[in-house]
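What the coordinates show
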Amino acid sequence: RAKSSPNQTFCFFEKGMDEAVARRARTERKLREAIDADEIEPYFQPLIELSTGRVLGYEALARWEGRDGRVKQPDEFIAIAEESGMIGELYFRLLAKAAKEASTWEGDCVLSINLSPLQFSDPWLVERTLQTLQQAGLPPARLEIEITESALVSEVETARAIISSFKNQGILVSLDDFGTGYSSLRHLSEFAFDKLKIDRSFITNIDTNENSQTIVRAVTSMAHHLGLKVTVEGVETEANAQSVRDYGCDFAQGFLYGRPEPARSVDCEESQAKSDVGEAA
Ligand code: C2E
Ligand code: MG
Ligand code: MG
Ligand code: MG
């Protein structure tokens, strides 16, 4: 930044920018190729009914299985897919695969999938979702869409219309990551959610943190009074599970019951949760 050499500083800065831009362009291109080549895979994590220990369904979580053999996590590519307009394509391809898999599951085992806030601007979202389910042979009543609260803030009317439209088709709708970011109690009464998923950050320290205990208990009671079921994310230990059972939560998800796993290791026939810590150790 020395006054005597402004050009040098400028050049250095520009070169760094070029590299960042080039790297970003490269990642975007690779992601585009990966989506087109169907290399984004759904991994499935079980959702458990706390009162019985039964597996009620699985959440499909996106994984990028690169040609280098490394499996990339959502935080490495979901934001990029959103920023470069590919998230809709990613969603439909992931849904197609996940729904096809779910159509082989026993009984009424439910498939959950995450929707990006940006997808509210897609006028064909509901229709294409139904079409994809039909092609996969999965009844709409066995799909659950997870929506984060940030989606509800900017486009209230659109969000309301789309949520109602999903619900009219028999699709379940959950409010994901509740308690983070934009949490507004208004969302709970104004949108027709079936379920609320309390964010993992409240469960991580629930054994020792009285504030988390109070919040989980109160949110659960409030949700029940509003006619919503409650899922807790991030249950990692038996002690966590005991706490959330005591607080009246309905469903749980977490490493205690299972990590997200590729389709080949999932079947919804076993009605009892494995409850093995496996990979979590
Ligand atoms: P989410 O929808 O809240 O999913 C739950 C996340 O918590 C998953 O992370 C899961 O692996 C992790 N998790 C579950 N149980 C535990 C536990 O006991 N302990 C800990 N430490 N973590 C646990 P993942 O798969 O890395 O996904 C992160 C986020 O990325 C998801 O959060 C979701 O918001 C987003 N995401 C994933 N797949 C998709 C997708 O296909 N589309 C969109 N739009 N977003 C996605
Ligand atoms: Mg992860
Ligand atoms: Mg989710
Ligand atoms: Mg969540």
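Since we're looking at a predicted model, the values are computed, not measured. Per-chain numbering applies: the sequence of each chain, read as written, is numbered from 1 onward. Just so you know, chain letters begin at A and ligand numbers begin at 1, following the order they were written in. Reporting of local features is limited, given that this is a predicted model, to residues whose pLDDT is at least 70; pairs of side-chain atoms are given and counted only at 80 or more, and all residues count toward the totals for whole chains, interfaces and linings. To obtain the side-chain values, all non-hydrogen atoms of the structure were included, while hydrogens and water were left out.

Details of the overall build of the protein
When helices and strands are tallied, the protein shows 10 helices and 10 strands. Burial status follows relative accessibility: with a 1.4 Å probe on protein chains alone, a residue under 20% of its type maximum counts as buried, one over 50% as exposed, and anything between as partly exposed. For the protein, with 281 residues in total, the buried portion stands at 42%. Contacts in the protein between residues at least 24 apart in sequence constitute 66% of all its contacts with a sequence separation of at least 6. Only the protein chains shown count as covering a residue, and every accessible area follows the Shrake-Rupley method with a 1.4 Å probe. Entry remark: accessible area of the protein is about 14400 Å², with carbon and sulfur atoms responsible for 50%. Secondary structure counts use DSSP, requiring at least four H or I residues in a row for a helix and at least two E residues in a row for a strand, with both numbered from the N terminus. Any two residues having at least one pair of non-hydrogen atoms within 4.5 Å are treated as being in contact.

A look at the nonpolar core
Throughout this description, the term nonpolar core refers to a set of buried Ala, Val, Leu, Ile, Met, Phe, Trp, Tyr and Cys residues connected via side-chain atoms within 4.5 Å. Formed by 73 residues in total, the largest nonpolar core has its most connected members in I40 and L111. Counting residues per element, this core draws most heavily on helix α3 (residues 87–102), at nine residues.

Observations regarding the side chain of E39
Tracing the backbone shows E39 in the loop between α1 (6–36) and β1 (40–49). Beyond its immediate sequence surroundings of up to four residues, E39 is in contact with A34, R63, W64, E65 and R67.

Structural notes on the coordination of the magnesium ion (ligand 4)
Ideal donor angles around a metal are set by the shape: a four-donor tetrahedron calls for 109.5 degrees, a six-donor octahedron for 90 or 180 degrees. Of the protein atoms, only D176 (OD), D177 (OD) and E233 (OE) coordinate the magnesium ion (ligand 4), at distances of 1.9 to 2.3 Å. Keep in mind that water is not among the atoms, so a site may look incomplete; donors are the N, O and S atoms within 2.8 Å of the metal, or 3.2 Å for Na, K and Ca. Each donor residue of the magnesium ion (ligand 4) belongs to the same chain, with the gaps between them written as D-D-x55-E. Taken as a pair, the magnesium ion (ligand 4) and the magnesium ion (ligand 3) show a spacing of 4.1 Å, with D176 coordinating each metal. Placement of the pair is D176 in strand β6 (residues 172–178) and E233 in the loop between β8 (229–232) and α10 (238–246), with a sequence separation of 57 residues.

Quick notes on α10
Buried within α10 are the following residues: N240, A241, S243 and V244. Projected onto a plane normal to the axis of α10, the buried residues spread over an arc of 160° and lie on a single side. Each element contacted by the buried residues of α10 is listed here: α8 (201–204) and β8. Working note: the arc is built from the helix axis to C-beta atom directions.

What about the site of ligand 1?
Definition of nearness: a residue and a molecule or strand are near each other if at least one heavy atom of the residue lies within 4 Å of the molecule or strand. In the region of ligand 1, 22 residues are neighbours, and R63, N114, R200, E236 and F255 sit closest. A 3.5 Å cut-off defines polar contacts: any pair of N or O atoms within that distance qualifies, except that in protein one atom must be a possible hydrogen donor and the other a possible acceptor, and neighbouring residues in sequence count only when both atoms are side-chain atoms. Within the side chain of N114, a nitrogen or oxygen atom sits 2.9 Å from an oxygen atom of ligand 1. Measuring from an oxygen atom of ligand 1, one finds a backbone N or O atom of F255 at 2.8 Å. For ligand 1, whose accessible area on its own is 800 Å², the fraction buried by protein is 82%. Among the secondary structure elements, those contributing two or more residues to the shell around ligand 1 are β2 (55–65) and β6. In terms of residues, the shell around ligand 1 owes the most to one element, β2, which gives four residues. Think of it as three bins: nonpolar holds Ala, Val, Leu, Ile, Met, Phe, Trp, Tyr, Cys and Pro, charged holds Asp, Glu, Lys and Arg, and polar takes everything else, Gly as well. Grouping the amino acids of the shell around ligand 1 by side-chain chemistry returns eight nonpolar, six polar and eight charged.

Some remarks on the packing of helix α4 (residues 125–136) against helix α6 (residues 156–168)
Put simply, α4 and α6 touch, their axes get as near as 10 Å, and they point 25° apart. Relative to α6, α4 is oriented roughly parallel. Of the two elements, α4 crosses α6, and the hand of that crossing is right-handed. Contact residues: α4 offers L125, V126 and T129, while α6 offers I162, S165 and F166. Across the contact of α4 with α6, the residue classes break down as four nonpolar, two polar and no charged. Note on geometry: axes are C-alpha line fits, over the in-contact stretch for helices, and angles between N-to-C directions span 0 to 180 degrees. Roughly parallel means an angle under 35 degrees; roughly antiparallel, over 145; roughly perpendicular, 65 to 115; everything else is oblique. Helix crossings fall into two classes, left-handed where the near helix is turned counterclockwise from the far one by less than a right angle and right-handed where it is turned clockwise.

Section: the confidence of the model for the protein
Looking at the protein, pLDDT values average 89 and 90% of them are 70 or higher. pLDDT is a per-residue confidence score from the predictor, ranging from 0 to 100. Across residues 275–281 the pLDDT falls below 50, and counting only partners more than four positions away or on other chains, this stretch makes 10 contacts in the model.

Section: the side chain of S174
Considering the arrangement of structural elements, one finds S174 in strand β6. Within the structure, S174 has its side chain in polar contact with the side chain of E144 (distance 2.5 Å). Apart from residues lying up to four places away in sequence, S174 is in contact with E144, I145, E146, I147, F193 and K195.

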